[in-house]
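Here's the letter readout for the chains.
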Amino acid sequence: MKYGSKKVSYKALAAVFIVIALIGFAAIYTTGKTKPKDVTLITHDSFVMSKTQVQDFDKKTGYTLHLIKAGDAGALVNRLILTKTMPIADAVFGIDNTFAGKAEANGLIAGKLTPTDFGDVCMNYDKTWFAAHHVAPPTSIDQLTAPAYKGLTVVEDPNLSSTGLSFLATTVEKYGANYVQYWKALNANRLKVDNGWENAYYTDFSGSSGHGKYPIVLSYASSPADEIRSNGVSETASIMDGCFKQTEYVGVLKGARNPTAAQAVIDYLLAPAFQQTFPSTMYMYPIDMTQPIPSSWKTAAPLPGKTYGDNLDFNHDEKTWLAAWSAIFG
Amino acid sequence: MKTRSHPRSLWVAPFIFFGIFFYLPIGKISTQGLSGAFWSDLTSHRTLSALWFTVWQATVSAGLSCAIAIPLAYFLYRTTFSGYRTFRALISVPFVLPNIVVAISMKAIFPGATGAIYIILANIFMNYGMATRLIGNAWKSLDSQCESAAALDGAGRLRTAISISLPQLRKSIASAFLLIFVYCAANFGIVLTLGTPRTRTLETEIYSAATYDLDFKRASSLVGLQILLAILILTAARFVTLRPASDTRQRSFPRRLDLRDLPVIIYSIACFTLLFLTPVLTLIARAFRHNFQWSTSNFTLLNSTQTQSLLNISFGSAAFNSVRNCLVVLLLSLAIGGLCSYLLTKVRIAEIFFLLPLALSSVILGYGYLETYGSGIFPLRSSWLVLPIAQSLVVIPLVIRFLLPALTDINKEIIESAKLDQADQFVIWWRIQMPLVRRTLLIAASYAVITSIGDFGAANFLAYGDQATLPVVLYQLISKPGAYNYGMAMAASSILIVVCGAIIYISEL
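Since the model is a prediction, treat every value here as computed from it, not as a measurement.

Caption draft 1: Geometry of the overall build of chain B. The helix and strand tally for chain B stands at 23 helices and four strands. Compactness check: chain B gives a C-alpha radius of gyration of 24 Å against a globular reference of 23 Å for 509 residues, within 12% of the reference. Dimensions of chain B, computed from the C-alpha atoms along their principal axes, are close to 65 × 60 × 45 Å. Buried positions account for 58% of the 509 residues belonging to chain B. A fraction of 82% describes how many contacts in chain B between residues 6 or more apart in sequence connect residues 24 or more apart.

Caption draft 2: Geometry of the overall build of chain A. Each helix and strand in chain A was counted, giving 13 helices and 10 strands. Relative to a compact globule of 330 residues, whose C-alpha radius of gyration would be 20 Å, chain A shows 26 Å and is clearly more extended. Taken along the three principal axes of its C-alpha coordinates, chain A extends 100 × 45 × 40 Å. Expressed as a percentage of its 330 residues, the buried residues of chain A come to 51%. Long-range contacts, defined here as pairs at least 24 residues apart, represent 74% of the contacts in chain A between residues at least 6 apart. Carbon and sulfur atoms provide 57% of the accessible area of chain A, an area that totals close to 15,000 Å².

Caption draft 3: The interface of chain A and chain B, seen in detail. At the interface, 31 residues of chain A touch 44 residues of chain B. With both sides pooled, the region where chain A packs onto chain B buries about 3,400 Å², and carbon together with sulfur makes up 65% of that total. Here chain A and chain B share zero salt bridges between them. Linking chain A to chain B there are five residue pairs in polar contact (both at pLDDT 80 or more). Those elements giving two or more residues to the side of chain A that touches chain B turn out to be helix H1 (6-31), strand S2 (64-69) and helix H3 (73-82) of chain A. At 10 residues, H1(A) tops the list of elements feeding residues into the side of chain A that touches chain B. Residues of the side of chain A that touches chain B, tallied by class, amount to 16 nonpolar, eight polar and seven charged.

Caption draft 4: Here's a closer look at the state of the cysteines. Residue and element names in this part refer to chain B. Considering all chains together, one arrives at one disulfide over all chains under this definition. The closest cysteine sulfur to the non-disulfide-bonded Cys184 is located on Cys66, 9.2 Å from its own sulfur. Looking at Cys326, it has no disulfide partner, and the nearest cysteine sulfur is the one in Cys500, 10 Å off.

Caption draft 5: Spotlight on the domain arrangement of chain A. All names here are of chain A. Per the domain assignment, the segments of chain A are domain 1 (5-118 + 246-300) and domain 2 (120-245 + 301-329). Counting residues at the interface gives 16 residues for domain 1, matched by 19 residues for domain 2. Here domain 1 and domain 2 share an interface that buries about 1,600 Å² over both sides, 60% of which is from carbon and sulfur atoms. The largest share of the area that domain 1 buries against domain 2 comes from Thr98, Gln246 and Ala300, three residues that together contribute 38% of it. Counting every contact that joins domain 1 to domain 2 gives zero salt bridges.

Caption draft 6: How the structure looks around the side chain of Asn485(B). Mapped onto the elements of the fold, Asn485(B) is located in helix H23 (residues 483-508). For Asn485(B), the contacting residues outside a window of four places in its chain are Gln306(B), Leu310(B), Leu477(B) and Lys480(B).

Caption draft 7: Broad picture of the packing of helix H2 (residues 51-61) of chain A against helix H9 (residues 259-270) of chain A. Residues and elements named next belong to chain A. Across the interface, H2 lies against H9 with an axial gap of 11 Å and an inter-helix angle of 125°. If you check the angle between H2 and H9, you find them oblique. Note on packing geometry: the crossing formed by H2 with H9 is right-handed. Across from Gln53, Asp56, Phe57 and Thr61 in H2, the residues of H9 making contact are Ala264, Val265 and Tyr268.

Caption draft 8: Structural context of unusual backbone geometry. A positive phi angle, close to 60°, is found at Arg190(A), a residue other than glycine. Checked against the element boundaries, Arg190(A) lands in the loop between helix H7 (179-188) and strand S6 (192-194). Located in the positive-phi region is Leu214(B), a residue other than glycine, with phi close to 50°. Here Leu214(B) is to be found in the loop between helix H10 (202-211) and helix H11 (216-240). Classification of Leu214(B) by relative accessible area gives buried; the value is 17%.

Basis of the calculations
- Residues numbered from 1 in each chain as written.
- Chains lettered and ligands numbered in written order.
- Predicted model: local features only at pLDDT ≥ 70, side-chain atom pairs only at ≥ 80, totals over all residues.
- Heavy atoms only, no water.
- Helix = DSSP H or I, 4+ residues; strand = E, 2+ residues; numbered from the N terminus.
- Rg over C-alpha atoms; globule rule 2.2 N^0.38 Å.
- Buried < 20%, exposed > 50% of the residue type's maximum accessible area, 1.4 Å probe, protein only.
- Contact = heavy atoms within 4.5 Å.
- Areas by Shrake-Rupley, 256 points an atom, 1.4 Å probe, with all protein chains shown as cover.
- Buried area = accessible area lost by both parts, 1.4 Å probe.
- Salt bridge = Lys/Arg side-chain N within 4 Å of Asp/Glu carboxyl O.
- Polar contact = N/O pair within 3.5 Å; in protein donor to acceptor, adjacent residues only side chain to side chain.
- Nonpolar A, V, L, I, M, F, W, Y, C, P; charged D, E, K, R; others polar.
- Disulfide = S-S within 2.5 Å.
- Domains from an automatic or database assignment.
- Axes fitted to C-alpha atoms, helices over the stretch in contact; angles between N-to-C directions.
- Parallel < 35°, antiparallel > 145°, perpendicular 65-115°, else oblique.
- Left-handed = near helix turned anticlockwise from the far one by under 90°.

In structure tokens form, the structure reads like this:
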């Protein structure tokens, strides 16, 4: 039997490899490109934009909007830093004042970040618990180190939770260098530290669905609006002194493939129709204060007068605060 | 007889593929580390404790898996009873499950499961079946004359097993241990899902250094450390490697079960119930629980992006991505893995060059691609092909491990006579070697499918947005609290268990 010359089949094989390699490179090249009418908005996981809203945007602008959720705000910023040489989106929503410094230091944003919404991180307390135990509810975070409130408070780990970090920052701004003393006193007063907001609020807090053991929890100024019972009164209220003002921003990414479309996305998020949806879908106040606020928010979740958070350099100092905190609780 | 040298030119293809898609990115990130504070990074407390945890959890898990497996291996490979094939196939299922599904099975039994104990449990659940199979196959091909002689002299079965069989199985047990050790040291999805801040492995350290702390120098130093560890293990494996039992070798015939096997029967049924039925059935039961009642709502929800649109894409679209990626992986890994195996039967050089990715985790690959192909004229990172290419590099060594022994076992005389008939290398490969290893090829292909579908390490870095794969979606669900997420994760995992089970069942029977 004769099967043909050996040399010919190797040459053929080599040719096949070269062709396959070329096809491979072409495939990678073409699938790596995006269409000119596509625009991508990257957000944190809590962002809500309904299908109807996305379709409405597409119809009004002629673009095709894609959404990417990239974890919490910290994971979002890190993802953007990791991919900044070839951004995976055109616009970003959800960088807040705790991460804005890091985003700017890493040159993520083209131009400026524009605020879209805000909310306050506040301590909440269980009104029923304090009434039943005949203890006066605290009115300032100063009191949480007092013996009367021993073993009553649960907060989130600032290393793992943005809510926890906001509160740590509040103490830094409020107490200056004495913040370390404050946390030592809290620790001595049997403070409970959870790894995330859901655990703290839904499991350990006594005033919500989990009926836990702790009547004071680190949450949001708007949370009491969600604890209104059948009698129309909220089970919980906020401690008004010691709240952190969290502002969220939107921006165009540096190196975006479609910056014009990115700007259209930003305009859409700032327009009244979208601004109105912030309280009901994301539990935040719209930055445009002329927009209507749910009536339950006005009664049960008033905004605190004085807030903290505007005079801190997170990007520069956060590591120091966290190290000091971890030295106490680690 | 004149022996022809093999065609050196053919080596070019796998070398270029591995060079561009493995050694270039790996080289880039590991040299980044060298320029930094390599030693202080490596000797820091954090690194040492991660290294320690990686090694001890893998040692304990692999040790326990092998210990549990020995009686099972006797039961399933040394005796025969009706239904033993099904039994064998079933206990192999957990091994092929995606890492993340194994972790979710633990969460099904213990909803709040976190910590070292659950990581080890998950490792055992995943690997004892594989250990059984490896040890069993060796036991099956053990010469039974010694055992029969001992029995004739009045030794009981336990005593025969301990003094006659086990010493002969030493090498196979050691190699099973090493293989499982490698798998347990690279169980990223399990440690990420079930871990606490204290249970950090090298993989999770690399991941958190790269994505949380953005400390690329440290991430790279850790990559260097993992490469060293991988080379160490592969070298150790070469020392104890025993070639898997081949079909041509003389083998003893298993005998029928009898009453004297009662202890081992009870043991095996207990193992099967505790380590297989309990996790799998609990998971499936949880999949059908929604709002405290029985329903299929969790499965219907999979069609959506979760009630609060937590997910970027629905489970169905993620499944589409996974299957599409898997087909590319299959194509690439069988073509290149096949070629490598063929070439390695000629000259056993540079074997470690192609096997190294097996001992390295896909986490490193994901990170390497992000760093190397993140910009420039070659937009690999923004193409969806980036993930299947990364995955195929982990699969190719697996294909080689399956194919190479099978190819080496082919009777040389057949090939020589074909050569005498002037058949060229290509024809010999296509007409003789390929058909003879078809079954092995099928097994290699099913492992390629399973590895690609289950990959979480590379996917977590490279597949985001509408490119998310099943494990990525599953992790998003299970890492967020909430009953809906939990239910959906259970439903999706039970579907995956059934699919993987079906794949392994078809390829085994």
